[in-house]
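# Reading the structure
Read off the chains here:
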Amino acid sequence: MTNTKTAAQPAGNLDPKWGAASLFHEPALLAGFRPRATDVLITTAPKAGTTWMQQILYQLRSGGDESFDNIFDVVPWLEYRRPGVDVATMLRDYEAMSNPRIFKTHCTYEQTPGTDTVRIVMTSRDPRDCCVSYYHHMINLADPIRDRLGVDENATFDDLFERWLAGGAWFRNIQSWWPHRTDANVLWLRYEDMKRDLEQAVDSIVGFLGWTLEPDQKARVLEHCSFEWMKRHNAKFSAVPGYTISEHFEKGGLIRKGKVGDYKTLLSKQQEQRILDQAREMLEPECLVFLGLVP
Ligand code: A3P
């Protein structure tokens, strides 16, 4: 795929492949982005461990730096337009970043710029856990943000389950990336495997990117990417640019529980079945096995 090499274009002229504009998706940023061979894109469905992977890659790149205030300052969200900042300014900021640049994205494969140029680390997570994580994320948001997302302050788990299922982001993400899981520039990791053995995940990322890591740096990376460390430093991970943690979350934050199988606390058997049915409808049998959704 050849990406547009010029600065941002007016919204009206954009190729529809960059997707529809929304609060968290600015197609002009995708159209105007100039990919580099040294870039690393973190791609995920929401709640699949995106922030964890942002931290892992930033820690690897920096050798264990903990001085940053907000993970988005060092690993921006590619298609998210910061409040009050225009697209041209954001693209200039992206151009000014030094190599290797790291970005987070929730784009599908088709919407992602530079898939033939950049390296991509994909993280998947059991959709049932993503759904429950999404619920907690939504109910913990501060009122102004929840209002902007159109989520009722009295929304129940059942309401948010329906919204998550109808939104379909998890299904679209996996469906679009699955055919590319063996592309030479794609590394696909599963949240569940990372939970089991973080060091192995770190080793495979380092090998994939060809980055070097000294033993003392590796020890820092593993410590700073542990759930406990990230939870202790929740404020670094819990607000998109333009907001402080308390403006973003009324209670808690993004680093919540970090468990595999947490869906069992909230999903009914019937809701679980609906997720699995939709997964069966949209994904190949081999993909369902890979994700651990069928025996
Ligand atoms: P839970 O809500 O299940 O706890 P995302 O960054 O894509 O929004 O994903 C957020 C989820 O990743 C949350 O899941 C969060 O707790 C979990 N997470 C973040 N850092 C983690 C870590 N170091 N180890 C395990 N899970 C982590």
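In case you missed it, the structure is sitting above this.
One structure accompanies this document, and this report is about it. Computed from a predicted model, the values in this text were never measured in an experiment.

Ranked by size, the top nonpolar core spans 95 residues in total, and within it Ile56, Leu57 and Trp170 carry the most contacts. Of the residues forming this core, the biggest block, seven residues, is contributed by helix α10 (residues 198-209).

Turning next to the site of the ligand. Close contacts around the ligand come from 19 residues, with Thr50, Thr51, Ser133, Lys257 and Gly258 the closest. The contact in question runs from an oxygen atom of the ligand to an N or O atom on the side chain of Thr51, over 2.5 Å. Bound to the protein, the ligand loses 97% of the 580 Å² it would expose on its own. Put simply, the parts of the chain that give the shell around the ligand at least two residues each are α2 (50-62), α9 (191-196) and α12 (227-232).

A separate point is the side chain of Arg128. Inspection of the secondary structure assignment puts Arg128 in helix α5 (residues 127-140). In terms of polar contacts, Arg128 uses its side chain to reach the side chain of Tyr263, at 3.4 Å. A distance of 2.8 Å separates polar atoms of two side chains, one belonging to Arg128 and the other to Glu272. If near-sequence neighbours (up to four positions away) are discounted, Arg128 is found in contact with Tyr263, Leu267, Glu272, Ile275, Leu276, Gly292 and Leu293.

What you see with strand β2 (residues 102-105) is no split at all: Ile102 and Lys104 on one side and Phe103 and Thr105 on the other are buried throughout. In this structure, strand β1 (residues 40-44) lies alongside β2, joined through four bridges in parallel fashion. Looking across to β2, one finds that Thr43 is bridged to Thr105.

Turning our attention to the sheet that holds β2. Within the open sheet, the four strands sit side by side as β2-β1-β3-β4. Their pairing is parallel. Either end of the sheet is taken by a strand with one partner, and the two such strands are β2 and β4 (186-190). With direction set aside, neighbouring strand axes in the sheet form an average angle of 20°.

All told, the structure shown has 17 salt bridges when counted by the stated rule. A salt bridge links Glu26 to Arg81; the nearest nitrogen and oxygen atoms lie 3.8 Å apart. Linking Glu26 in the segment before α1 (27-32) with Arg81 in the loop between α3 (71-74) and α4 (87-96), this pair joins segments that are 55 residues apart in sequence. Its relative accessible area of 35% is what places Arg81 among the partly exposed residues. Across the salt bridge formed by Arg101 and Asp39, the nearest N and O atoms sit 2.8 Å from each other. Of this pair, Arg101 sits in the loop between α4 and β2 while Asp39 sits in the loop between α1 and β1; the two residues are 62 residues apart in sequence, bridging distant segments of the chain. Connected through salt bridges with shared partners, the residues Asp126, Arg128, Lys269 and Glu272 form a single ionic network.

Rules used throughout
- Residues numbered from 1 in each chain as written.
- Predicted model: local features only at pLDDT ≥ 70, side-chain atom pairs only at ≥ 80, totals over all residues.
- Heavy atoms only, no water.
- Core = buried A, V, L, I, M, F, W, Y, C linked by side-chain atoms within 4.5 Å.
- Buried < 20%, exposed > 50% of the residue type's maximum accessible area, 1.4 Å probe, protein only.
- Helix = DSSP H or I, 4+ residues; strand = E, 2+ residues; numbered from the N terminus.
- Near = heavy atom within 4 Å.
- Polar contact = N/O pair within 3.5 Å; in protein donor to acceptor, adjacent residues only side chain to side chain.
- Areas by Shrake-Rupley, 256 points an atom, 1.4 Å probe, with all protein chains shown as cover.
- Contact = heavy atoms within 4.5 Å.
- Pairing = 2+ DSSP bridges.
- Axes fitted to C-alpha atoms, helices over the stretch in contact; angles between N-to-C directions.
- Salt bridge = Lys/Arg side-chain N within 4 Å of Asp/Glu carboxyl O.

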